[in-house]
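Structure at a glance
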Amino acid sequence: MSDKIKIAVAGSGNVTLTLIKGLEFYKNSIEGLWHPKVADMTLNDMTIVAVFDIDSAKVGKKIVQAVPGCKSDFADIVIQPGIMSDTVPFHINQNGQTRSVSYEEFVKSLKSVRPDFLVNVISSGLDKTSEKYAQAALDVGCSFFNATSAKTITENTRKLFEAKGLMILGDDLMSQFGGTAFHRGMIDFMTSRGITVQKAYQLDVGGNQDTMNTMAEETRERKRNIKTESIAIESPSPFRSTAGTTEYAEQLGDSRVSYYWMEAKGFLGSAIEMDLALRTSDSTNGCNVIVDSLRAAKGLLNRKELVKSDIISSYAFKNPPKKRHIRECIKSFEDEFVSRKLIS
Ligand SMILES: NC(=O)c1ccc[n+]([C@@H]2O[C@H](COP(=O)([O-])OP(=O)(O)OC[C@H]3O[C@@H](n4cnc5c(N)ncnc54)[C@H](O)[C@@H]3O)[C@@H](O)[C@H]2O)c1
């Protein structure tokens, strides 16, 4: 147990519960794993040491109650109250009470489990709270992984973490094969075939809680800017593009559908036009990236090579400190952390 990567998680929603299911399933399988071994570690080298939430319907429950049938060594961990520095999200308010603790109490609880990482997967739009969680990780002495769109990595926060031999990774998780990754891959492919992309849009529709939270105008606008900027990197010439979470449709559940339209020009200005739709499951789509990143980060922490954290952030996030082409991000990550020999 002590050699495992110890993960504390803020937010026990879709992503966390799927991650927990994955850590159990991948004890005996590699089917569906992007990289079975990263930095010489498998998913058996990862464990959950604490989970925090502020939804009173979740706080106080054991993991096994949230994920019935969970037999992992962390199944009996009780979800503890987290902190809240923003207005309570509508869906939690609507469902009932919240339970949170003071910053000092939270830091004490986090410290007691001595995590390697605090993974921030709280609801979208709680930016002050995400910043506080980053601060708590720093105060406790663990690294921080920010899946939300809050801006937690700055020159300053990086320096503070690195001065303590820790890492801050973020911001805004990029799913393995979600709307943004697919859009970037498509633009990259067209560009590599000598096609000039001129205009594009991506409209996302989802039915889960996070999509509903993203509908708040400020959050929606921020996510749209992050996605649009992330996609623009792939083309050598500027093109008109818009990408973002557009609509909440409850009937989609955890599915997300991205609709794309792209207009481009080829030889003699010939027109190329595409209409595509991509349907994926939202929560599972982020988990390969999370388990890859945490193992890679632990490898770097062990080797005290914190400067290489950019390789992980560029691979795993839509808004990393260093923005690079998606193809280069994957190559750099695999060159550094994935030994092909180890994949059986
Ligand atoms: N593929 C993906 O799933 C993906 C991709 C990119 C980004 N993200 C981001 O990851 C985050 C989590 O996504 P999700 O689908 O699990 O969301 P979710 O809505 O299912 O879960 C969020 C959880 O956080 C809890 N929470 C809210 N405020 C909290 C606080 N102050 N402290 C602790 N817990 C708190 C909520 O009660 C809920 O249980 C979101 O910010 C989302 O935008 C996910």
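Rules behind the numbers
Residues numbered from 1 in each chain as written. Predicted model: local features only at pLDDT ≥ 70, side-chain atom pairs only at ≥ 80, totals over all residues. Near = placed C-beta within 6 Å. Helix = DSSP H or I, 4+ residues; strand = E, 2+ residues; numbered from the N terminus. Domains from an automatic or database assignment. Axes fitted to C-alpha atoms, helices over the stretch in contact; angles between N-to-C directions. Parallel < 35°, antiparallel > 145°, perpendicular 65-115°, else oblique. Left-handed = near helix turned anticlockwise from the far one by under 90°. Contact = placed C-beta atoms within 7 Å. Nonpolar A, V, L, I, M, F, W, Y, C, P; charged D, E, K, R; others polar. Core = buried A, V, L, I, M, F, W, Y, C linked by C-beta atoms within 7 Å. Buried ≥ 20, exposed ≤ 12 C-beta atoms within 10 Å, placed from the backbone. Pairing = 2+ DSSP bridges.

A look at the site of the ligand
- Contacts to the ligand come from 34 residues, most closely from Gly11, Gly13, Val15, Gly82 and Gly286.
- Per element, the largest residue contribution to the shell around the ligand is 4 residues, and it comes from helix H10 (residues 282-303).
- Counting contributing residues per domain, the shell around the ligand is built from domain 1 (5-174 + 284-342) and domain 2 (179-282), each supplying no fewer than three.

Comments concerning unusual backbone geometry
- Here Gly170 and Asp171 are connected by a cis peptide whose omega angle stands at -10°.
- Here Asp171 shows up in the loop between strand E6 (168-169) and helix H7 (179-192).
- Here the phi dihedral of Ala39 falls at roughly 50°; this positive angle occurs in a residue that is not glycine.
- Looking at the element boundaries, Ala39 is found in the loop between helix H1 (14-25) and strand E2 (46-53).

Looking at the packing of H7 against helix H9 (residues 217-232)
- Where H7 contacts H9, the axes come no closer than 9 Å and their chain directions differ by 25°. Taken together, the axes of H7 and H9 lie roughly parallel to each other. The chirality of how H7 crosses H9 is right-handed. Judged by residue contacts, Thr180, His183, Arg184 and Ile187 of H7 engage Lys227, Ser230 and Ile231 from H9.

Here's the deal with the domain arrangement of the chain
- Once the domains are mapped, the chain shows domain 1 (5-174 + 284-342) and domain 2 (179-282).
- Computed from C-alpha coordinates alone, the two centres of domain 1 and domain 2 are separated by 26 Å.
- Secondary-structure elements contributing two or more residues to the side of domain 1 that touches domain 2 are H10 and helix H12 (326-337).
- Considering only residue class, the side of domain 1 that touches domain 2 consists of 3 nonpolar, 11 polar and 4 charged.

Details of the nonpolar core
- In this structure, Ile7, Val9, Leu118 and Leu294 are the most contacted members of the largest nonpolar core, which totals 72 residues.
- No other element matches H10, which puts 8 residues into this core.
- If we skip the residues at most four places from it in the chain, Leu118 touches Ala8, Ala10, Leu110, Tyr133, Ala136, Ala137, Cys142 and Phe144.
- Listed in part, the 9 residues of the second largest apolar core include Met186, Met190, Val197 and Ala200.

Here's the deal with the sheet that holds strand E8 (residues 240-248)
- Taken in spatial order, the 4 strands line up as E8-E7-E9-E10 in an open sheet, and their pairing is mixed. Strands at the two margins of the open sheet, each flanked by one partner only, are E8 and strand E10 (271-281). Between one strand axis and the next, the sheet turns through 10° on average, direction left out of account.
- The pairing of strand E7 (residues 196-206) with strand E9 (residues 255-265) spans 10 bridges and is classified as antiparallel. Bridged to Ala200 within E9 is Met262.

Some words on the environment of Phe267
- The residue Phe267 is located in the loop between E9 and E10 in this model.
- Using a count of 7 C-beta atoms within 10 Å as the deciding quantity, one classes Phe267 as exposed.

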